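Tertiary structure, described
Spelled out from the first residue to the last, the chains are:
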Amino acid sequence: QVQLVESGGGLVQAGGSLRLSCAASGSIFSINTMGWFRQAPGKEREFVAAITRSGDSTYYADSVKGRFTISRDNAKNTLYLQMNSLKPEDTAVYYCAADSMPYRLSSLPKVYNQWGQGTQVTVSS
């Protein structure tokens, strides 16, 4: 079993930046690709970004490309999401997720089998 704990959310003005972290513990060896998703009130959970185990491949939703950067530090068992040029429409609960399947880089929530509890990001206009 893997435990994922997000942190770093908060309230920020439009144009500002935040850095989210996701600390992993437990059966770390089972983690391959990791991703960030978000869910706004009344909306479905949507893909934000994903990164392979080695960190050599990343994948972004078009809505965040060029503004957000996903990274991971395997030595610290931590996933990051640097969010710049934030917009009000980025307001959501942000979740990190882990996929146990190697060599897969997916935007589909259903392939991720471990999830964190989420951290709230609110961007004011």
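Notes on the structure follow. Since this is a predicted model, take the numbers as computed values, not measurements.

To continue, consider the pattern of salt bridges. Enumeration over the complete set of coordinates arrives at 5 salt bridges. Put simply, R38 and D90 hold a salt bridge, and the shortest N to O gap is 2.9 Å. Pair noted here: R38 is in strand β4 (residues 34–39) and D90 is in the loop between β8 (78–83) and β9 (92–98), with a separation of 52 residues, a long-range link. Salt bridges sharing common partners tie together R38, E46, R67 and D90.

Disulfides are covalent bonds that connect the sulfur atoms of two cysteines. Counted by the stated rule, this structure contains 1 disulfide. Between the sulfur atoms of C22 and its disulfide partner C96 the distance amounts to 2.0 Å. Looking down the S-S bond of the C22 and C96 bridge, the torsion is 45 degrees, so its handedness is right-handed. A residue pair is termed long-range when its members are at least 10 positions apart, and C22 in strand β3 (residues 18–26) and C96 in strand β9 qualify at 74 residues. Residue C96 is classed as buried on the basis of its relative accessible area, which comes to 0%.

It is worth spelling out the sheet that holds β8 at this point. The 4 strands are arranged β1-β3-β8-β7 in an open sheet whose pairing can be described as antiparallel. Both edges of this open sheet fall to β1 (2–7) and β7 (68–73), since each of them pairs with a single strand only. The average undirected angle you get between the axes of adjacent strands in this sheet is 15 degrees. Where β1 meets β3, 6 bridges bridge the pair, whose relative direction is antiparallel. Residue S7 lies in a different strand from β3, and its bridge partner there is S21.

Conventions used here
Residues numbered from 1 in each chain as written. Predicted model: local features only at pLDDT ≥ 70, side-chain atom pairs only at ≥ 80, totals over all residues. Heavy atoms only, no water. Salt bridge = Lys/Arg side-chain N within 4 Å of Asp/Glu carboxyl O. Helix = DSSP H or I, 4+ residues; strand = E, 2+ residues; numbered from the N terminus. Disulfide = S-S within 2.5 Å. Buried < 20%, exposed > 50% of the residue type's maximum accessible area, 1.4 Å probe, protein only. Pairing = 2+ DSSP bridges. Axes fitted to C-alpha atoms, helices over the stretch in contact; angles between N-to-C directions.

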